[in-house]
Amino acid sequence: MKELLGTDDNLQRNYELLRSVKGVGLILSCQLLYHTSNFMNFNNWRSFSSYCGIAPFEYSSGSSIKRRKQSHYIGDRKMKTLLSMAAVSAIQSDQELKNYYKRKLEEGKHKMIALNNVRNKILARSFAVIKRGTPFVNIAATNY
């Protein structure tokens, strides 16, 4: 995989940008590059989140039946699994995401909903670094 990344400068640059995001390692960054065709197939992180099956959707039937928002069971399971592992890793290593996760739990959210929020945050950060073309900078860590 690393040899393939070395053949294209654009792929290599995007790979290095993705690796700057906490929780994103070699496997997840390569899978993101593959599934998004080097970020050409998806316009934003929300559409890719929907593709992966981690975007919450409202369930309602008319005006009488309403349930809590849930992620759809159809989606790319490999990406969902990789993003889950990245979220667990990021919660352990990134203080900002750890505080965010704890805050969601204190609000009364279920653990998997809070983890899903972290997965979406990782996707948002990944798409942001590619769009900006600059590595991720943790502002909270630079203020201390």
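Let us look at the structure shown here. Every chain begins its residue count from 1, and numbering advances along the sequence as written. Where local features are concerned, this predicted model is filtered to residues with pLDDT of at least 70; where side-chain atom pairs are given and counted, the filter is 80 or more; whole-chain, interface and lining totals use all residues. Calculated side-chain values reflect all of the structure's heavy atoms, with hydrogen atoms and water omitted.

Observations regarding the overall build of the protein chain
Every helix listed is a DSSP run of H or I at least four residues long, and every strand listed is a run of E at least two residues long, numbered separately from the N terminus. Looking only at helices and strands, the protein chain features 8 helices and 2 strands. Shown N-terminal to C-terminal, the secondary structure of the protein chain runs as helices and strands in the order α-α-α-α-β-β-α-α-α-α. For every residue, the accessible area (1.4 Å probe, protein chains only) is compared with the maximum for its type, and the residue is labelled buried under 20%, exposed over 50%, or partly exposed between those bounds. Within the span of the protein chain, comprising 144 residues, buried residues form 39% of the whole. Here a residue-residue contact requires only that any non-hydrogen atoms of the pair lie within 4.5 Å. Considering only residue pairs separated by 6 or more positions, the protein chain has 58% of its internal contacts joining residues 24 or more positions apart.

Considerations on the side chain of Ser 29
Examined against the element boundaries, Ser 29 turns out to sit in helix 3 (residues 26-35). For this analysis, a polar contact is any N or O atom pair within 3.5 Å, provided that within protein one partner can donate a hydrogen and the other can accept it, and provided that sequence-adjacent residues contribute only side-chain to side-chain pairs. Looking at Ser 29, its side chain comes within polar contact range of the main-chain oxygen of Leu 26, at 3.0 Å. Once you skip the residues sitting within four places of it in the chain, Ser 29 turns out to touch Tyr 15, Leu 18, Arg 19 and Val 24.

Section: the nonpolar core
By convention a nonpolar core is built from buried Ala, Val, Leu, Ile, Met, Phe, Trp, Tyr and Cys residues, the set being connected through side-chain atoms within 4.5 Å. With 35 residues, the main nonpolar core has Leu 28, Leu 32, Phe 48, Met 79, Leu 83, Val 118 and Ile 122 as its most contacted residues. At 8 residues, helix 7 (residues 111-132) tops the list of elements feeding residues into this core. With residues near it in sequence (within four places) discarded, Leu 28 still touches Gly 23, Met 79, Leu 82, Leu 83 and Ala 86.

Points about the environment of Ser 50
The topology assignment puts Ser 50 in helix 4 (residues 45-52). When the C-alpha atoms of Ser 50 and Asp 76 are compared, they prove to be 9.5 Å apart, with 26 residues separating the residues in sequence.

What to know about the packing of helix 3 against helix 5 (residues 77-93)
Think of each axis as a best-fit line through the C-alpha atoms, taken over the contacting stretch in the case of a helix, with angles from 0 to 180 degrees between the N-to-C directions. Orientation of helix 3 relative to helix 5, taken along the N-to-C sense of each, is 145°, at an axis distance of 10 Å. Helix 3 and helix 5 meet at a crossing whose hand is left-handed. Together, Ile 27, Leu 28, Gln 31, Leu 32 and His 35 of helix 3 and Lys 78, Met 79, Leu 82, Leu 83 and Ala 86 of helix 5 make up the contact between the two elements. Throughout this entry, Asp, Glu, Lys and Arg are counted as charged residues, while Ala, Val, Leu, Ile, Met, Phe, Trp, Tyr, Cys and Pro are counted as nonpolar. The remaining residues, Gly among them, count as polar. For the contact of helix 3 with helix 5, the residue count by class is 7 nonpolar, 2 polar and 1 charged. Crossings are classed by handedness, with left-handed meaning an anticlockwise turn of the near helix from the far one by less than a right angle and right-handed meaning a clockwise turn.

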